[in-house]
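Okay, here's what each chain looks like letter by letter:
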Amino acid sequence: ENVALSSLNEQAGAALRNYVLQMGGGLLVTGGKNSFAAGGYYRSRVEPLLPVSMERKEEMKRPRLAMGIVMDRSGSMSMRVASGLSKVDLANRGAAEAVSLLLPQDQVAVFAVDSRAHREVPLTTVGDNYSALSDNILSIESRGGGIFVYNGLQAAVEELLDSNAPNRHIVLFADAADSEQPGKYKE
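One structure accompanies this document, and this report is about it. (Residues numbered from 1 in each chain as written. Predicted model: local features only at pLDDT ≥ 70, side-chain atom pairs only at ≥ 80, totals over all residues. Heavy atoms only, no water.)

## Things to note about the overall build of the chain
A count of helical and extended segments in the chain gives four helices and four strands. Each helix and strand of the chain, ordered N terminal to C terminal, gives the series α-β-α-β-β-α-α-β. Residue burial in the chain is summarised as follows: out of 187 residues, 36% are buried. A fraction of 71% describes how many contacts in the chain between residues 6 or more apart in sequence connect residues 24 or more apart. Accessible area for the chain stands at about 10600 Å²; split by element, carbon and sulfur atoms hold 51% of it. (Helix = DSSP H or I, 4+ residues; strand = E, 2+ residues; numbered from the N terminus. Buried < 20%, exposed > 50% of the residue type's maximum accessible area, 1.4 Å probe, protein only. Contact = heavy atoms within 4.5 Å. Areas by Shrake-Rupley, 256 points an atom, 1.4 Å probe, with all protein chains shown as cover.)

Here it is, written out as structure tokens:
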């Protein structure tokens with residue numbers, strides 16, 4: 001009751017699916033601030049077992065969106081924070097979560113940047129590729145060196161110019177601890 005799926009381990013989701021689909025058991029899920037879409041059930045392996053849709057219908061009416069994600073992978077991003085995770089781990093999680101909120105018709109491009117921008121994901125229509133996109137993003141590692149934010153922003157702008165989506169956004173994940181050559185980023 002009122003349990004976020006993310007608070008359970010992978011085996012719990014598999015056990016629920018097995019219990020309902022293979023053993024004929026029932027599953028009762030009650031509402032609350034930690035359940036349903038807010039609790040991580042949206043597009044999860046457990047969602048098909050639920051008697052309700054996790055789709056937020058009002059979002060289905062918005063125009064297509066193209067998102068360029070620029071991720072700092074400089075040396076300072078390998079530092080650990082209070083949670084024990086590295087800064088790049090936190091950035092990866094944030095970027096993967098941003099992609100999980102996109103609709104299938106939306107587009108995304110991902111760049112990891114140090115002294116230059118590295119295209120990790122070319123401009124791609126999301127479709128049913130959430131898992132592959134997330135895996136790719138979560139595998140980005142800090143490689144050392146400085147961070148040339150402008151190079152990453154410029155690469156994202158150029159990639160998004162190839163999209164015909166009416167809404168285009170760039171999200172930058174960086175600690176800016178060693179940012180170099182900001183260039184004309186405001187332009």
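Now that the structure is up, let's keep going.
## Some details on the pattern of salt bridges
Following the criterion strictly, the structure yields five salt bridges and no others. Residue arginine 119 is joined to glutamate 159 by a salt bridge in which the shortest nitrogen-to-oxygen separation is 2.9 Å. Taken together, the positions of arginine 119 in strand E3 (residues 117–125) and glutamate 159 in helix H4 (residues 149–160) put the pair 40 residues apart, joining distant regions of the chain. Taken together, the shared-partner salt bridges connect Arg73, Asp114 and Glu120 into one network. (Salt bridge = Lys/Arg side-chain N within 4 Å of Asp/Glu carboxyl O.)

## Description of the nonpolar core
Ranked by internal contacts, the top residues of the largest apolar core, which has 22 residues, are Ile69, Met71, Val108, Val110 and Ile137. Among the secondary structure elements, those contributing two or more residues to this core are strand E1 (65–72), helix H2 (87–100), strand E2 (107–113) and helix H3 (130–138). Broken down by element, this core gets its largest block of residues, six residues, from H2. Excluding residues within four positions of it along the chain, methionine 71 makes contact with Ala91, Asn92, Ala95, Val110, Phe111, Ala112, Val113, Ile137, Ile140 and Phe173. Counting residues in each nonpolar core, the second largest holds 10 residues, with Val70, Val113, Val149 and Leu153 among its members. (Core = buried A, V, L, I, M, F, W, Y, C linked by side-chain atoms within 4.5 Å.)

## Overview of H3
Structural remark: α-helix, 3.6 residues per turn; residues separated by three or four positions point the same way. Along H3, the residues classified as buried are Tyr130, Leu133 and Ile137. Taken down its axis, H3 places every buried residue within 70 degrees of arc, on the same side. Set apart from the buried face of H3 by more than 90 degrees, the exposed residues are Ser131 and Ala132. Tucked into the core, H3 has its buried residues touching E1, H2, E2 and E3. (Arc of directions from axis to C-beta.)

## Some remarks on the environment of isoleucine 170
Along the chain, isoleucine 170 falls in strand E4 (residues 167–173). Using a relative accessible area of 35% as the deciding quantity, one classes isoleucine 170 as partly exposed. It is 7.0 Å that separates the C-alpha atoms of isoleucine 170 and alanine 156, two residues lying 14 residues apart in sequence. Once you skip the residues sitting within four places of it in the chain, isoleucine 170 turns out to touch Gly68, Val70, Leu153, Ala156, Val157 and Leu160.

## Comments concerning the sheet that holds E2
Spatial ordering of the open sheet is given by E3-E2-E1-E4, a layout of four strands whose pairing is mixed. Taken across any chain shown, the strands that pair with only one partner, and hence form the sheet edges, are E3 and E4. Between one strand and the next, the sheet's axes are offset by a mean angle of 10 degrees, whatever the strand orientation. Where E1 meets E4, seven bridges bridge the pair, whose relative direction is parallel. Residue pairing in the sheet places leucine 65 in a bridge with asparagine 167 of E4. Packing of H2 onto the sheet brings it into contact with E1, E2 and E4, and relative to E1 it is tilted by some 175 degrees. (Pairing = 2+ DSSP bridges. Axes fitted to C-alpha atoms, helices over the stretch in contact; angles between N-to-C directions.)

## Some words on the environment of alanine 156
Locating alanine 156 in the fold gives a position in helix H4. Along the primary structure alanine 156 and proline 122 are separated by 34 residues, whereas in three dimensions their C-alpha atoms are 9.7 Å apart. With near-sequence residues (within four places) excluded, alanine 156 lies in contact with Val70, Phe111 and Ile170.

## Quick look at helix H1 (residues 10–22)
In this model H1 runs 18 Å from its N-terminal to its C-terminal C-alpha over 13 residues, within 8% of the 18 Å that 1.5 Å per residue would give. After H1 finishes, the residue glycine 24 shows a positive phi value of roughly 75 degrees. (Expected span 1.5 Å × (residues − 1).)

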